[in-house]
Amino acid sequence: MTAISRDFATEANLNAFFWPADSEDPTTLPSIQVGGAQVFAYVDPCSASLRVSVHLDETAPELLTEKETVPMQINVGDNDVFVAH
């Protein structure tokens, strides 16, 4: 598991950015960017569900492990549904 400094975590969280969907372009989707990772959360009419999609193309190097993976924990409510280190 990678060690992320408290300073890096604080800075990444404080600099998080929300990208809203564009009302003039219905193909855009809302997302939040934290530490370079972009997380989309939107209602998908095709699957009739809430969809969450994580894109790691521009993830900050501080988040990468030695194997160049990104440790991740996904919760729904208070339940872990995915954990990878």
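Just so it is clear, the structure is predicted and the values come from calculations on it, not from any experiment. (Residues numbered from 1 in each chain as written. Predicted model: local features only at pLDDT ≥ 70, side-chain atom pairs only at ≥ 80, totals over all residues. Heavy atoms only, no water.)

### Examining unusual backbone geometry
The backbone phi angle of Ala48 is positive, close to 50°, even though this residue is not glycine. When you line up the elements, Ala48 lands in the loop between strand E3 (37-44) and strand E4 (49-55). A positive phi angle, close to 60°, is found at Glu68, a residue other than glycine. The topology assignment puts Glu68 in the loop between E4 and strand E5 (72-76). Classification of Glu68 as exposed rests on a relative accessible area of 62%. (Helix = DSSP H or I, 4+ residues; strand = E, 2+ residues; numbered from the N terminus. Buried < 20%, exposed > 50% of the residue type's maximum accessible area, 1.4 Å probe, protein only.)

### A closer look at the confidence of the model for the protein chain
The predicted model of the protein chain averages 94 in pLDDT, with 98% of residues at 70 or higher. Taken element by element, the protein chain is modelled with least confidence in E5, mean pLDDT 95, and with most confidence in strand E2 (residues 31-34), mean pLDDT 98. (pLDDT = per-residue confidence, 0-100.)

### Some remarks on the packing of aromatic side chains
Under the defined criterion, the tally for this structure stands at 1 aromatic pair. Residues Phe17 and Trp19 carry aromatic rings whose centres are separated by 4.6 Å and whose planes lie at 65° to one another, so their mutual orientation is edge-to-face. Classification of Phe17 as partly exposed rests on a relative accessible area of 43%. (Phe/Tyr/Trp six-rings, centres within 6.5 Å; stacked < 30°, edge-to-face > 60°.)

### Regarding the layout of surface pockets
There is about 590 Å³ of room inside the largest pocket. Lining the largest pocket are 22 residues; nearest its centre among them are Ala37, Val70, Pro71, Met72 and Gln73. The set of elements that each furnish at least two residues to the lining of the largest pocket consists of helix H1 (6-14), E2, E3, E4 and E5. Partitioned by chemical class, the residues of the lining of the largest pocket number 17 nonpolar, 5 polar and no charged. (1 Å grid on protein atoms, 1.4 Å probe; cavity = no way out; pocket = protein on both sides within 12 Å on 5 of 7 lines; lining within 4 Å. Points joined across faces, edges and corners; volume = space filled by probe spheres on them. Nonpolar A, V, L, I, M, F, W, Y, C, P; charged D, E, K, R; others polar.)

### Describing the pattern of salt bridges
Overall, the coordinates contain 1 salt bridge when judged by the stated rule. A salt bridge links Arg51 to Asp44, with the shortest nitrogen-to-oxygen separation between them at 3.1 Å. Residue classification places Arg51 among the partly exposed residues on the basis of a relative accessible area of 40%. (Salt bridge = Lys/Arg side-chain N within 4 Å of Asp/Glu carboxyl O.)

### A look at a nonpolar patch on the surface
Where nonpolar side chains cluster on the molecular surface, the patch consists of Val43, Leu50, Val52, Val54 and Leu56 and spans about 470 Å² of accessible area. Of all the elements, E4 adds the most residues to the nonpolar patch, at 3 residues. Mapped onto the fold, Val43 is located in strand E3. With a relative accessible area of 67%, Val43 lands in the exposed category. (Patch = residues over 30% accessible without salt bridge, like charges linked within 9 Å, V, L, I, M, F, W, Y side chains within 5 Å. Areas by Shrake-Rupley, 256 points an atom, 1.4 Å probe, with all protein chains shown as cover.)

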